[in-house]
Amino acid sequence: MQRVVFSTWQGELIDNRNKPKDEWKESSYKLPLTYEDDLPSRAFIGWDGVAIFDEDIDVVRLACEYALQYQKYSEACGRCTPGRWGGKVLYDLLEKISRGEGLAEDIEQIKKMSQTMIRTSKCEIGKTVPKPILDLIEYYKDQFDRCILEQSKSKEYGKDSRYISKVTAPCIDMCPSKVDIPAYIEALKDMDFEASLSATRVTMPLAHTCGRVCPSPCEDGCRRANLDEPISIMELKRLGADYESDHNLSWIHPYKPEFPRNDGKKVAIIGAGPAGLSAAYYLGLKGIAVDIFEELPVLGGEVAVGVPQFRMPIEKYNKDIELVTSLPTVTVYTNHRVDANRLKEIHKEYDATLLGFGARLSKKVRAKNERTDMEGYWGAIEMLDKVNLWHKYRIGSPVSNELKDKTVVCVGGGFTSLDVVRCAIREGAKKVIMLYRRDEKTIIRNTTYEEYHEAVEEGVEFIFHSAVEEIIDEDNKLKKLIVNRFELVPDPDGGKPQLKKIEGANFEIECDYLIPAVSQALDTQILPEEWEIEMTSWNSIKTNGRDFMTSKEGLFAAGDCEYGPMTIVNAVYQAKRAASVISRYIYTGKLTLNDDEIMEDHLSRLKVYNKDEKIVGWMAGLPRMVSQKLETNERKTNNLEVNLGFSGEEAIAEAQRCMRCYYIAMVAV
Amino acid sequence: MKTVKVTIDGKEIQTSLDRTILQVARENNIYIPTMCYLTKVEPIGACRLCVVEVEGLDGMVLSCQEKVVDGAVIQTNSKALQEERQNIMKLYALNHPLECGVCVKSGECDLQNKTSEFEVNEQSFSLRDIKRKVENWGVISYDSSLCILCEKCVKVCNEIVGKGQLKVEPGGYKAIIVNTKLEDSCIDCGECMAVCPVGALAVNDFKYTTNPWELKKVPSTCTFCSSGCELSYEVKQIGIENSKEKIYRVTNNYEYSSLCGAGRFGFDYENLVTKKDEDEFLNAIEAFKKAEVIKFSSLITNEEALLLKKIAKRVDAKLVCSDAFGFSKFLRAFKKARGKSLWSSTQKKLSQSDAIVVFGSRIKDDAPVVKNHIAMATKRKKAKVVYMHPIEDFAISNLVTKFIKYEPGSEEAMALMLLQVFANKEEMTQDLQDFVDDIDIGFLSGESSISEEEIDELKEEFWKKKRFTLVVGADVFNHPEVENIAKILAAIERYTDFELLVIPPNGNSLGVSLICDLVEKHEGFSVGYNAPADYVLSALGDGDLGMPALNQQEGTFVTLDKRVVPLNAGLEYKGFILNDIANSLGVGSTHTIDFTKELPVDKGFRSIEFDSLEVKFSVDGDDLRGYELETILCDSQIELSEPDELPSYDGTVIYIVNPASNPNPFTNRAKLTSSEAKLIGTKQFASAAKISDGDVVEFEVCGNYISRVFKIDDTLKGTFALNPTFDMGLKAFDLPIYRFSKVKIKKRG
Ligand SMILES: Cc1cc2nc3c(=O)[nH]c(=O)nc-3n(C[C@H](O)[C@H](O)[C@H](O)COP(=O)(O)OP(=O)(O)OC[C@H]3O[C@@H](n4cnc5c(N)ncnc54)[C@H](O)[C@@H]3O)c2cc1C
Ligand code: SF4
Ligand code: SF4
Ligand code: SF4
Ligand code: SF4
Ligand code: SF4
Ligand code: FES
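What this report covers is the structure whose coordinates are included nearby. (Residues numbered from 1 in each chain as written. Chains lettered and ligands numbered in written order. Predicted model: local features only at pLDDT ≥ 70, side-chain atom pairs only at ≥ 80, totals over all residues. Heavy atoms only, no water.)

Concerning helix α15 (residues 340-349) of chain A
All names here are of chain A.
Part 1 of the argument: Within α15 the residues assigned to the buried category are Ala 340, Arg 342, Leu 343, Ile 346 and His 347. Along the axis of α15, the buried residues cluster in a sector spanning 155 degrees; they form a single face. Set apart from the buried face of α15 by more than 90 degrees, the exposed residues are Asn 341 and Lys 348.
Part 2 of the argument: Looking at the packing, one finds that the buried side of α15 touches β10 (266-270), β11 (289-293), β13 (352-355) and β24 (555-557). (Buried < 20%, exposed > 50% of the residue type's maximum accessible area, 1.4 Å probe, protein only. Helix = DSSP H or I, 4+ residues; strand = E, 2+ residues; numbered from the N terminus. Arc of directions from axis to C-beta. Contact = heavy atoms within 4.5 Å.)

Quick word on the side chain of Ser 417 of chain A
All names here are of chain A.
Part 1 of the argument: Along the chain, Ser 417 turns up in helix α18 (residues 415-426).
Part 2 of the argument: A polar side-chain atom of Ser 417 sits 2.8 Å from the main-chain carbonyl oxygen of Gly 414.
Part 3 of the argument: Residues within four places of Ser 417 in sequence aside, it is in contact with Cys 410, Gly 412, Met 434 and Ala 517. (Polar contact = N/O pair within 3.5 Å; in protein donor to acceptor, adjacent residues only side chain to side chain.)

Digging into the site of ligand 1
All names here are of chain A.
Part 1 of the argument: Around ligand 1, the structure places 38 residues, and the nearest of them are Val 213, Glu 294, Glu 302, Arg 311 and Asp 560.
Part 2 of the argument: Backbone polar atom of Ala 275 to an oxygen atom of ligand 1: 2.9 Å apart, as the coordinates give it.
Part 3 of the argument: Surface burial for ligand 1 is 98%, taken as the share of its 980 Å² of free accessible area covered by protein chains.
Part 4 of the argument: At the level of secondary structure, the elements contributing two or more residues to the shell around ligand 1 comprise α12 (274-285), α13 (302-305), α16 (380-393), α18 and α22 (568-588).
Part 5 of the argument: If you tally residues by element for the shell around ligand 1, the top one is α18, at 3 residues. (Near = heavy atom within 4 Å. Areas by Shrake-Rupley, 256 points an atom, 1.4 Å probe, with all protein chains shown as cover.)

A look at the interface of chain B and chain A
Part 1 of the argument: Opposite the 64 residues of chain B that make contact, chain A presents 56 residues.
Part 2 of the argument: Interface area, chain B with chain A, both sides summed: about 5300 Å², of which 54% is carbon and sulfur.
Part 3 of the argument: Counting across the chain B and chain A interface gives 6 salt bridges.
Part 4 of the argument: A salt bridge links Arg 119 of chain A to Glu 84 of chain B; the shortest N-O distance between them is 2.8 Å.
Part 5 of the argument: Counting the contacts that link chain B with chain A gives 25 residue pairs in polar contact (both at pLDDT 80 or more).
Part 6 of the argument: When contributions to the side of chain B that touches chain A are tallied by element, the ones reaching two or more residues are β3 (51-54), α2 (79-94), α4 (152-160) and α13 (368-381) of chain B.
Part 7 of the argument: A breakdown of the residues in the side of chain B that touches chain A according to their chemical character gives 29 nonpolar, 14 polar and 21 charged. (Buried area = accessible area lost by both parts, 1.4 Å probe. Salt bridge = Lys/Arg side-chain N within 4 Å of Asp/Glu carboxyl O. Nonpolar A, V, L, I, M, F, W, Y, C, P; charged D, E, K, R; others polar.)

Below you can see the structure in the form of structure tokens.
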């Protein structure tokens, strides 16, 4: 609950003006009352209303500034007539009023123009900009009237006030990396694939990758779902990227990489996974020298050695990787394991160090007689490393040597376990079983509907509500498993149903391999003990989640080692933010965020997506496009990419469903 | 696609789920105003004029982009809509000078029309003026103060031309269009200008020379290549005293079709003959009478071809057409093997393909609008495009997904390899199967210097693709083994998923090859009709007797889409024409176009009067001009052979090719398209020939001594140079040689 003077945010109408403080109504939204540290904000104005925190603020100026910011931001839009000219007219008229030269009919003109913008603008930004302005004109009529009747300047006219604005969209806000989704979709609509890719790469270098295997949290924030189904945001990303690689174009960057600075400053990055690569990319674009140290002989982290070829072809991922390593200030050292001592050296030698070493230790299933040295017991990460190193790089030997005609049991329920079983099928296992404690619905929620079904189609046998109790071996060779069965018992008090073991329902599975894929942990050996790095309760490296510095000065962390096993897009986001902070830190020694980042955090807290909002101006009922996949028999004995992606037309049709839900918000401080 | 029922303005309509409201409305003759809609590209959605209302739905819906959904009840006109549309038009008027008096577009300007349609006369809001400058883009100039940012130009340059030169430079009300990469890659095709609804894009040359409404439109066909694009000559009398007419410009049905720069800007190549030269005419008759050979180029109409055939029969002469002879051999061999007289694909089908191979052509120069259709496929169908040629073409690398370089001369080997890789062998006769199985890929790939992996990768490139087109260009027609190549290609069309699109070598080579029985050469006294000979009739005006150029003639052409399309005379021709000679020899008629209905039916022509040939397009932009040539069926006999030895081309090799902007001696006469002919080669070529950039060099091509300035082009690779022929006059049409040739380069001076 927040104390505001006035608010029309999301339809609430709070007007505490001229009321005693103890009768003040509070806002139910997380509005940015404080801008940053102890700088208070005076007002917040955006697509869904306006909130005033400082009673004395000049709202005529506020409205005028908001119109101006929209004008400035027309880069994001400015592509339709009402938006392009309407915004300009709004600003000119508001400016005129604020200057003390306004006329009564100017208010009428503003209202008329607003109506045209609301009804006919191309994107939401043009449709929503007039709303808070009209709110102010309605509820703060006195201030406008005074300027017009007395022909006087509004009180802050010409004064130095600071207004900070940001453009966002519901999907952008929900994407951890804040990818400018409407921009890359719009470029697809225009069939300008290069522009699409460069829009993506502003915040997401790994476009080939996140256009294929991202679990797409953005789609949970897609406004189109309020109308029918969300846009297939994730797969549309792939088109720009594939256009680049299919046509062998030279690298498409979001902007021209800066010249190498050669100023002696340098940053070390530990780990060449999505986090390390992304940080290197954004530092490299700025011309800052970066050295990446990677333990494996290959680059790419878990996406290279974890995610299998049939989901993420290495030729495509390599394009994203080369994009990074092609930058002149980025140097990589492979086969270079960093241990605690080496980390101390590096930390001393470099101006900043970013940890991006992931979470690559397979956790145990916690069964009786669980020993990692038992023959037939094989951690998921180790198994997938071997599969991938062979298929993608011809390093090592084929896993079919081990798994052909064998019975394989995997314990899991997330992405990793699905990859394990689908790889086991492709390596020729006779029988592949997945044991999962919970039910089908949950596994689908943890992964994706497609992936789960693809695994079923390929012949994986799923046993739900089950867990391994004991592992039986013979001469240290795994022989069989004793498995408990569970059932879901509803809580009599109406709470969450509980999983309860069914007594006497245990059963045995004879098998050759048990592959635990329950979760992964950090290999904390790299952290020098004497640094006493602060850790989270789930044993990942702790930061404040905003500037990503650890408890050790100059040591930053991003990706799975910071968050615990998560997603590519999360790693990219954290690394990009860390890179931005580092790019200033190495010169100033201070941890700072820029306005864009501060606003980004404010808007995330406030939440941009409103699932109850009614959509206006679009017809419901256009089906979401579904891309073509290989048939089961075309895919289950090989490593060909299963998802063929959208055809050109499907992509355009899907892009045309996107409603361009740009919004602009502004804080006055 | 699912069918849906919608109601627009009370009219119930059945249509399919993928159509937009605007498309459905237009199909049903319901008017919705638009400013930024262009049929041939995907909806732009910039002007917002096309908003409509849907029952039960708040707000207004954009009809050009929104697709119909089942049961929608749509209203295209209401007070509220009218008001918003009017408001939008007022916004357009905001910063637009509306000084139509001095604007080139006045009289045919969409903004002018719409402001009066919506009765916007006063400027109700006012905006401060921003100073902007007029930019020069080559042939075209851009005046941003007139630009309404409808983005049509941006769309066509990207989606149709495949260049993507133009971008909106954002900046809200200050937004403008910028021509990026101007220097190196704008091809001056003028597509952007053609679609511009206002006066923002205009040809520098046309400005202030005339008012559009004074021009007379003469619908015709571009003759410069076998695409045979639709165009109109726009003509006016030069002055009150001067009754002579002049072509001021070329326009086209830009809503549906396209032109390249040559077609659009190379229009003033007419042969200015002021009177009938009776004496020379008699000489010409005499020459024909004693002729043993009649030589001609295939840049003539079908009717002229028929006349020549009749004349040749009358005077007992042989017909020689150097630029079509190889192609006619190709056509005969293809027909016999294929069992069909013509190939199956068209440009439209090409644009809908997702797997394309371009073979034996420098496509963007040989057939610019065919290249446009490849661009459309690239953009819209995500097409994989394999470009097989000895010389890579950097200018279209954004369209090509795979370049396969082969040695000049190895087209036969390449065709065989394509057949082997893609053949559905089960459908073949046993003999053919055995032949294909026995193809010695190792040998062929070695000789053509491509690797076997590259061939295998071809199959991968097209993995899971659905519509295959093989585009075959002019390199093969003068190949010594053209007949075997034709048969292999016939087998490819028959036994693989590919459909063929063959690009005849010159404007009407297809018509000529169907109508005339050609021989390769013949000794004796020769008369040339637009070809070098002992007695020459020339439309270039450099012969013994002048002849009308193709912008001065009526008649028909056959396009590579296998359509018979009409040409009309943009300008009058005052001298004698071929029909006059034919009449003197007793085989003519009142008008040349009397022969249109007499074109050979057994070759697929139809007995149709010239005057009933229409110029029209379907709502979806299908070319419905004239009529489609009938494909004649016959027995198919495929007997292929494999080469024992492939020719080798080492040392300095030139390739005969004219730039898209200036494809032949006629365009080289036109003001905007003429240019200096240069030999453009690689550094390697320069060092092999011991010459350097800027040198004047001499060499011999097919008996012609040529002298040119040499230029190095860093984007080319190999020991090659590109040699144009547009400056050779009629000799340009008399080069019956394979396009690659080894030459000795001498430095002059
Ligand atoms: C099987 C599997 C499937 C997955 N599927 C998906 C998916 O579909 N979509 C999705 O978004 N996410 C998926 N994930 C999660 C995703 O891969 C990770 O979240 C992501 O890779 C984290 O990136 P990172 O850079 O933080 O760490 P990592 O990718 O783990 O990279 C860390 C890098 O650091 C190196 N390293 C570690 N220790 C050292 C050291 N001491 N010295 C030097 N180098 C070191 C490692 O070798 C590695 O290259 C999957 C994970 C797995 C295991
Ligand atoms: S419709 Fe488009 S812009 Fe709107 S939330 Fe969805 S993806 Fe984003
Ligand atoms: S572009 Fe159209 S409206 Fe503008 S001045 Fe020219 S003719 Fe008039
Ligand atoms: S002339 Fe052609 S290539 Fe040049 S900008 Fe216009 S459309 Fe593009
Ligand atoms: S130049 Fe012409 S076609 Fe291009 S955006 Fe401006 S008005 Fe439209
Ligand atoms: S030269 Fe060819 S492509 Fe160009 S306009 Fe003429 S027919 Fe069309
Ligand atoms: S025609 Fe629909 S927005 Fe212009």
